[in-house]
Amino acid sequence: MSVLTSDIQVSSTTLKLQESKLVSECYGFGDEYTCSCSDSYMWANDICYTYGCCNGTACNITGPTNISLCTAKVKVLINGSIKTDFPLSSAQESMVRIAFGHLSGNEDVNFTTTSAPTAKFETALSVKAPVSKFKEIITSLQHKLGTTRVLALKVEGLVNIESPSSTVFYKTSVHFNCTFDTDTAPEKKVWRFYKNTAAAILNTGSVVTLNHNCETQGNQFCTSVNLKEVTGPWIGTYECAFVIGPVMYTAKAQLNVALLPDEITMKINPLIVNCFESSNVSIKATIANTTETYNVTWHSSDSKLTDLKNTTSSGNIDYSAMAHIKCDQPTKDKYVRITFKNKVNREKSEQYTIPVIYENTMFCSDDNSDGIWPKTPDGTTVTIQTCENNTVGHKTRTCKGREWLPVFNSCVDKKLSEVVSEAEFFEKGMGASQDVAKNVFEGLKNFSNSETTESTANVIGVIKVLDVMATASKTFAMTEEILPNFVESASNILDKNWQGVNDSYIHNMSSKYLKSVEGLVKNIKVKNASNVITPNINFEVCLGSDCNLAVFGINVTLHNGTKVMKTVGLKNLIHKLPNNYQNSEQLSDKIIVVTQEEESTSPFKITLDFPNKPPGRRKPLCVYWDTEKEDWSEEGCTVKSSDNGSTLCECNHLTAFSILMGKGNTPDSNLDIITYTGLAVSICSLIIFLIIEYLVWSALIKSNLSHFRHTAMVNIASFRLLADCSFLASSNPKILTDEWCLILTICKHVFYLAMFSWMLCLSVMLVHQIIFVFSPLRKRVFMFFSSIVGYVCPILIVGTSYLFCKYTKTKYYDKDTCWLVHEETLQGSMFAFLLPVGTITLTNLFSMVVVILTLMKTAVPGGSQKQDKETAKSIFKVVLYLTPVFGITWAFGFLLRVLNEDHPAYRFVNYTFTILNTFQGLFILITGCFTEPKVREELITLITGKKKVHSQNLTSHSCTKTK
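A quick note: this is a predicted structure, and the numbers were derived from the prediction, not measured. (Residues numbered from 1 in each chain as written. Predicted model: local features only at pLDDT ≥ 70, side-chain atom pairs only at ≥ 80, totals over all residues. Heavy atoms only, no water.)

Student: Can you walk me through the environment of Tyr249 in this structure?
Tutor: With respect to the secondary-structure elements, Tyr249 resides in strand E20 (residues 247–255). Accessibility expressed as a relative area gives 1% for Tyr249, which makes it buried. If near-sequence neighbours (up to four positions away) are discounted, Tyr249 is found in contact with Val131, Phe134, Val155, Leu158, Val159, Phe180, Cys240, Ala241, Phe242 and Ile244. (Helix = DSSP H or I, 4+ residues; strand = E, 2+ residues; numbered from the N terminus. Buried < 20%, exposed > 50% of the residue type's maximum accessible area, 1.4 Å probe, protein only. Contact = heavy atoms within 4.5 Å.)

Right under this line is the structure:
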């Protein structure tokens, strides 16, 4: 009976059959039948394992025939392996064939090799066998072959895989999904990637995302993988696997991508177009060899490109062209651009700007000292692809004005380049396995032990590997097997050459290094308290909630922590890190990294006992490295004690710790406001003072004494004005170049010393007049010695101290403050300022005491109360008038250097010193002008035009001016 195109009524629904096929034929009487399957069908498992007819022959069946007899043929591939110490015998081969012969639709077993150490065979099924059957076969064969032989199977055809049905676009996301129908839960789910003959394990990374718990139906188990922005290296075969015992059930799918070049390298020859020589240039664009066929187009800013061609060599494809650069438009950028279009009309372009030397262009001359650097216009960076043997990369150099900046060498060793590449794929998720992690760190250790690591480019390469693997460790749990190689390679790199780049680049390198080491230490899983000791790194593990250990002599104690505390001590790193924290400097040369494998949910504290105490009375600072700010911070850390030659720190968090030494210049916003307000007022006051002195000079200078006094006052005011201006100019050292910072430091040093020197001249002159009343100073003598003391001595002191620092290779100035350097007692350029200023201040204080004693002696013994009051009033005026012009207020500055910041009087003295000295210009204006009767009279005369008439007769004084 034909049912083709027949309608079948099922309840209220009508089904229409479009096609029918004959699946099986049966002949018989009663309950006994002889049946056979059609050509494209095979006995179902129930029939096969019940009646024993598992091949393609007829089968005798007892019972009703309305059960499922045959099923459509499928292809199930089985690859088996037997680990053995001896070759398999023919009897053992026969055991394997018989065991698999009981499976429905089994083909003959074919041994590809029977020799040790691994015998391999393959077979195929036409019917999907249940998981239980494979388990029975493995158990039976394992018993017959013996425990010395280990059997494993790989079965392909039972797992369903969903994959992109067509070619996907370049840098788009791709999703694969695998499902497996089984009653037995898989022990493990694995994804692999195959390219050519190489295989790599896939794990979650920056490109790969695995999901082993995707939604399923019924008895299905699922696993999926998502790839982010696929490029050329991700084209290949993807395989999912469900592992149950020694059997791996797999499925495969191919990924095809409509490619675009991952990297386009453009070169021109010559590197610089010189309009005075030739304006023709050849261009070459290089991409990796590919099976993709591109439509390639060129474009130039000036003219049509000629001589277009492409060649293939060394695994690359080179596209070449010639261009003619017009030299009549010097303001327009010259460029060439190449565009690649793939089969789905997606494009990728690369543009190269061509440097041109025009007429009147400022340029750097040829230099062949380290590579071939041609004439290059100002502001242009030249890149050459030439590296030394066994290195890859490039070198760059920038022309600034007419001078070449240093060469930046990015050429790294080929072996290190391979390690970097392997680490980058690991971080993306391709090949992310424990074995590959071990290979990466073993390669890094071997390379770091070699002499070639000395180049800065190689140091940067090693730090890059550490950084990439630290990022990968966040998603991939690395085990303690890699610890020795990781610690040794990280230790070795701290002894290498970190020079050849500027300070900011070294700061970036060291900060990335510390962050990478901390990340790896935290994420590497440890089971045993295995310690690793190297010259620059000590790695210690403590198992328990309360831990106490020591690294590099620093005791570390963790209270109420989790079960595993890992501590690392680092040497030769802290001086490479930037330090902008509160004008401090390193006290310890060690950094202590403390981490826990599990985050603690309860409060804990950690104490660190550093065997260092700041010299003198300087303040220790317990700090940690803030990776966000890339600077030290005290947040969460306090100094518990600082005695007996050690400093005890206590913190409520874990990270990289160290100890700094405060310089006593802790930032205070109120002091800053007072300082800048006082300086502004002082500068204005000193300018007014000098203008008044200029206006009344001829009227006041009537004697040698007045000439001496006003000459000294004008010099004091002038040098103080210049010093204040220099101080303001250096108030933000970060924006100043090293040259300007040095110039302003020298200016402040000279101007302040000159101011104090003229204060000394004034005080000595006053004391001389008091003591030697009848032997007045001669004008020529005073001016000669005052010029020596006020002009020559400051220059000699500054010049000598600068040359001494340069000769001894010590720092004359601090770039962070644009001021002199203080190291410790009588060490540092600061003492070329403190010693002369301290001597002058003491001398001036002595002069003030002499004046006060003289006033007290002139008082009438047993005089009236009114006379005593007048004497006290005179003494008060002397102190008030002479303190600013003698620089006595600077004594508070010396008191600051003696007091510790924790002293109760420190804050008061600090504010007093700041107020008195920043407003010193105002005090000089008040005491030098407004409190002087003669100056006031002359000012009134200049303003009103009327001379004040005294009621009493003016007495003429004859002044003999000696020369």
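That was the structure; now back to the text.
Student: Looking at this structure, how should I read the pattern of salt bridges?
Tutor: Once their charged atoms are close, side chains differing in charge can pair, the charge on each being opposite to the other. Considering all chains together, one arrives at 13 salt bridges under this definition. In this structure, Asp302 engages Lys334 in a salt bridge whose closest nitrogen and oxygen atoms are separated by 3.3 Å. In this pair, Asp302 sits in the loop between strand E25 (295–300) and strand E26 (306–313) while Lys334 sits in strand E28 (residues 334–341), placing the two residues 32 residues apart along the sequence. Both residues of the pair, Asp302 and Lys334, belong to the buried class. A salt bridge links Asp589 to Lys590, with the nearest nitrogen and oxygen atoms 2.7 Å apart. Taken together, the shared-partner salt bridges connect Glu93, Arg97 and Asp108 into one network. (Salt bridge = Lys/Arg side-chain N within 4 Å of Asp/Glu carboxyl O.)

Student: Teacher, can you tell me more about the sheet that holds E28 here?
Tutor: Strand pairing in a sheet is mediated by backbone hydrogen bonds. Such pairs are either parallel or antiparallel. Across the sheet, which stays open at both edges, the three strands sit in the order E25-E28-E29 with antiparallel pairing between neighbours. Looking at which strands have only one partner, the edges of the open sheet turn out to be E25 and strand E29 (347–354). With strand direction ignored, the average angle separating the axes of adjacent strands in the sheet is 15 degrees. The pairing of E28 with E29 spans eight bridges and is antiparallel. In the sheet register, Lys341 faces E29, and the bridge partner there is Glu347. (Pairing = 2+ DSSP bridges. Axes fitted to C-alpha atoms, helices over the stretch in contact; angles between N-to-C directions.)

Student: Before we go on, may I ask you to explain the packing of helix H7 (residues 483–492) against helix H8 (residues 503–523) in this structure?
Tutor: Between two packed helices, what matters for the description is the angle formed by their axes and the separation of those axes. Look at H7 against H8: their axes get within 12 Å of each other, and the N-to-C directions meet at 165 degrees. Classified by the interaxial angle, the pair formed by H7 and H8 is roughly antiparallel. Considering the relative orientation of H7 and H8, their crossing is left-handed. Here Phe486, Ala490 and Ser491 of H7 lie close against H8, whose contacting residues are Tyr513, Val517, Leu520 and Val521. Looking at the contact of H7 with H8, its residues break down into six nonpolar, one polar and no charged. (Parallel < 35°, antiparallel > 145°, perpendicular 65-115°, else oblique. Left-handed = near helix turned anticlockwise from the far one by under 90°. Nonpolar A, V, L, I, M, F, W, Y, C, P; charged D, E, K, R; others polar.)

Student: Please explain the packing of helix H2 (residues 90–101) against helix H3 (residues 131–145) as it appears in this structure.
Tutor: Packing of H2 against H3 brings their axes to within 10 Å, and their N-to-C directions diverge by 165 degrees. Taken together, the axes of H2 and H3 are roughly antiparallel relative to one another. Remark: the crossing between H2 and H3 carries right-handed chirality. In this structure, H2 uses Gln92, Met95, Val96, Ala99 and Phe100 to contact H3, whose residues at the interface are Ile137, Leu141, Lys144 and Leu145. Residues that form the contact of H2 with H3 fall into these classes: seven nonpolar, one polar and one charged.

Student: For this particular structure, what's the right way to read the sheet that holds strand E3 (residues 24–29)?
Tutor: The three strands lie next to each other as E3-E4-E6, forming an open sheet whose pairing is antiparallel. Edge positions in the sheet fall to E3 and strand E6 (59–62), since each of these pairs with one other strand and no more. Pairs of neighbouring strands in the sheet enclose a mean axial angle of 30 degrees, with direction left out of account. Bridging between E3 and strand E4 (residues 32–37) involves six bridges; their strand directions are antiparallel. When the sheet's bridge partners are listed, Gly28 is paired in E4 with Tyr33.

Student: Help me out: how do you make sense of the confidence of the model for the chain in this one?
Tutor: Within the chain, residue pLDDT values average 85, and 89% of them lie at 70 or more. Here residues 949–963 is modelled with pLDDT under 50, and outside its nearest four sequence neighbours on either side it reaches ten contacts, counting other chains as well. (pLDDT = per-residue confidence, 0-100.)

Student: How should I be thinking about the nonpolar core in this particular structure?
Tutor: A general trend in soluble globular proteins is that nonpolar side chains are found buried together. If you look at the biggest cluster of nonpolar residues, it comprises 78 residues, and the most contacted ones within it are Phe100, Phe134, Leu227 and Tyr249. Per-element tally for this core: the top contributor is H3, with six residues. Once residues lying within four places of it in the same chain are set aside, the contact partners of Phe134 are Ile78, Leu103, Leu125, Ala129, Leu153, Val155, Leu158, Val247 and Tyr249. (Core = buried A, V, L, I, M, F, W, Y, C linked by side-chain atoms within 4.5 Å.)

Student: Can you walk me through the state of the cysteines in this structure?
Tutor: What is meant by a disulfide is a covalent connection between two cysteines, made through their sulfur atoms. Under the defined criterion, the tally for this structure stands at 13 disulfides. Shown here is the disulfide that connects Cys178 with Cys240, its sulfur atoms set 2.0 Å apart. Classification of the bridge connecting Cys178 and Cys240 rests on its S-S torsion, roughly -90 degrees, and on that basis the disulfide is left-handed. Note that Cys178 is positioned in strand E14 (residues 174–181) and Cys240 in strand E19 (residues 236–244), a separation of 62 residues in sequence. Across the pair, exposure class does not vary: Cys178 and Cys240 are buried alike. There is a disulfide in this structure between Cys364 and Cys399, and the S-S distance comes to 2.1 Å. Measuring the twist about the S-S bond at about 90 degrees, one finds the Cys364-Cys399 disulfide to be right-handed. Of the two residues, Cys364 is situated in strand E31 (residues 363–364) and Cys399 in strand E35 (residues 395–400); the sequence distance between them amounts to 35 residues. (Disulfide = S-S within 2.5 Å.)

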